[in-house]
Every structure is written in structure tokens, then in C-alpha cells.
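Structural overview for review
Here is what each chain is made of, one letter per residue.
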Amino acid sequence: MGGSTGVLGNGATRGGHVDPERACPVSPVVDLVFSRWTTPILWTLNEFGRQRFVQLQRNIGTITPKVLTQRLRQMERDGLVVRTYHPEVPPRVEYEISALGRSLAPIFAHLADWSAENLPKVEEARREFDAADGLS
């Protein structure tokens with residue numbers, strides 16, 4: 001008799017230990033897509049289309065050039081962003097969301113809907129918790 005086979009619990013074990021990737025198959029996706037700057041970069045590229053580095057940095061706001069460069073390189077490597085180099089004088093580089101990155105748009109839309117509906121509930125729960133702890 002095995003454990004459940006659904007998304008939230010499949011009981012997969014390796015040598016008596018739960019295999020982390022099989023125990024929570026969404027973990028690699030969460031690590032990939034929801035790291036600190038990946039989500040704002042993808043959101044911005046999806047909303048505003050192809051952009052040069054400086055435009056992208058301005059649209060995101062508080063990201064440093066170094067971090068933006070690192071994240072864009074990783075996202076290009078992961079296939080989420082396309083970098084286009086134009087050999088002009090001066091050279092021009094543009095970034096755009098790839099088809100793979102764009103395939104995440106429905107997930108972001110669902111999260112935005114969830115956020116609008118539930119963040120007020122989260123804030124209320126926090127206030128109640130803090131009040132019970134005497135933190136307010």
C-alpha cells in the first residue's frame with residue numbers, strides 16, 4: 001500500500017528518506033522562477049516587451065546593474081530570456097521574454113488574482129497574531 005500520488009504528497013522515498021524533488025515536485029520551479037529578482041524581470045519584460053538594459057533597470061526600480069546582469073545571464077541560460085546583440089556603433093543589446101518565459105504568464109496572473117483576494121486576509125491574520133503575542 002503506497003502513499004498518495006498527488007502533487008502535494010507522493011510518499012517517494014530513497015533509502016528510507018524522502019527524495020526532496022519527488023516530495024515537492026514544484027520546488028525546482030519555485031527556485032527557478034521565484035528567486036529574488038527573476039519575477040520582477042519576467043513581469044517587466046512581459047508587460048513592456050523588448051527593452052534595452054537601462055530601460056529594464058529603470059522599469060524595475062531598485063535593482064543594481066550588477067545584480068540585473070547576473071540575473072539576466074542566468075535567465076538567458078535557463079531559456080526564460082532572449083538577449084539580442086546588434087553590432088552597431090555603439091553596440092546595442094536588447095532583452096525580451098522568451099516563449100518559455102511567456103508560458104509563465106498564466107501562473108503570474110493566477111498569483112496576482114490570489115494576491116488581490118487574499119493579501120488583505122494575510123495582513124489581518126498577522127495583526128491578530130501580533131496582537132495575541134502582544135507585539136502591537
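The structure contained in this document is the topic of the report that follows. (Residues numbered from 1 in each chain as written. Predicted model: local features only at pLDDT ≥ 70, side-chain atom pairs only at ≥ 80, totals over all residues. Heavy atoms only, no water.)

Quick notes on the sheet that holds strand 5 (residues 92-97)
Sheet architecture is open: three strands sit in the order 3-5-4, paired in antiparallel fashion. Each edge of the open sheet is held by one strand with a lone partner, namely strand 3 (51-52) and strand 4 (81-86). Note that strand 4 and strand 5 share six bridges and pair antiparallel. Along strand 5, the bridge assignment pairs valine 82 with glutamate 96. Of the strands in this sheet, strand 3, strand 4 and strand 5 touch helix 3 (residues 38-48), which is tilted by about 95° from strand 5. (Pairing = 2+ DSSP bridges. Helix = DSSP H or I, 4+ residues; strand = E, 2+ residues; numbered from the N terminus. Contact = heavy atoms within 4.5 Å. Axes fitted to C-alpha atoms, helices over the stretch in contact; angles between N-to-C directions.)

Examining the pairing of strand 5
Pairing between strand 3 and strand 5: two bridges, direction antiparallel. Bridge assignment links glutamine 51 to a residue of strand 5, and that residue is tyrosine 95. What sits between strand 4 and strand 5 in their antiparallel hairpin is a turn of five residues.

A short note on the pattern of salt bridges
The tally for this structure, following the rule as stated, stands at six salt bridges. Among the salt bridges present, the one from arginine 92 reaches glutamate 94, with a minimum N-O distance of 3.0 Å. By relative accessible area, which is 21% here, arginine 92 ends up partly exposed. Residue classification places glutamate 94 among the buried positions, given a relative accessible area of 14%. Taking the shortest distance from any N to any O, the salt bridge between arginine 127 and glutamate 124 comes out at 2.9 Å. Here arginine 127 pairs with glutamate 124, and both are found in helix 7 (residues 105-133), just three residues apart, close to one helical turn. A relative accessible area of 46% places arginine 127 in the partly exposed class. Via salt bridges that share partners, Arg50, Glu88, Arg92, Glu94 and Glu96 belong to a single interconnected network. (Salt bridge = Lys/Arg side-chain N within 4 Å of Asp/Glu carboxyl O. Buried < 20%, exposed > 50% of the residue type's maximum accessible area, 1.4 Å probe, protein only.)

Comments concerning the environment of arginine 83
In this fold, arginine 83 is placed in strand 4. Relative accessible area serves as the criterion here: at 38%, arginine 83 is assigned to the partly exposed category. Along the primary structure arginine 83 and arginine 50 are separated by 33 residues, whereas in three dimensions their C-alpha atoms are 9.5 Å apart. Excluding residues that lie within four positions of it along the chain, arginine 83 makes contacts with Glu76, Val93, Glu94 and Tyr95.

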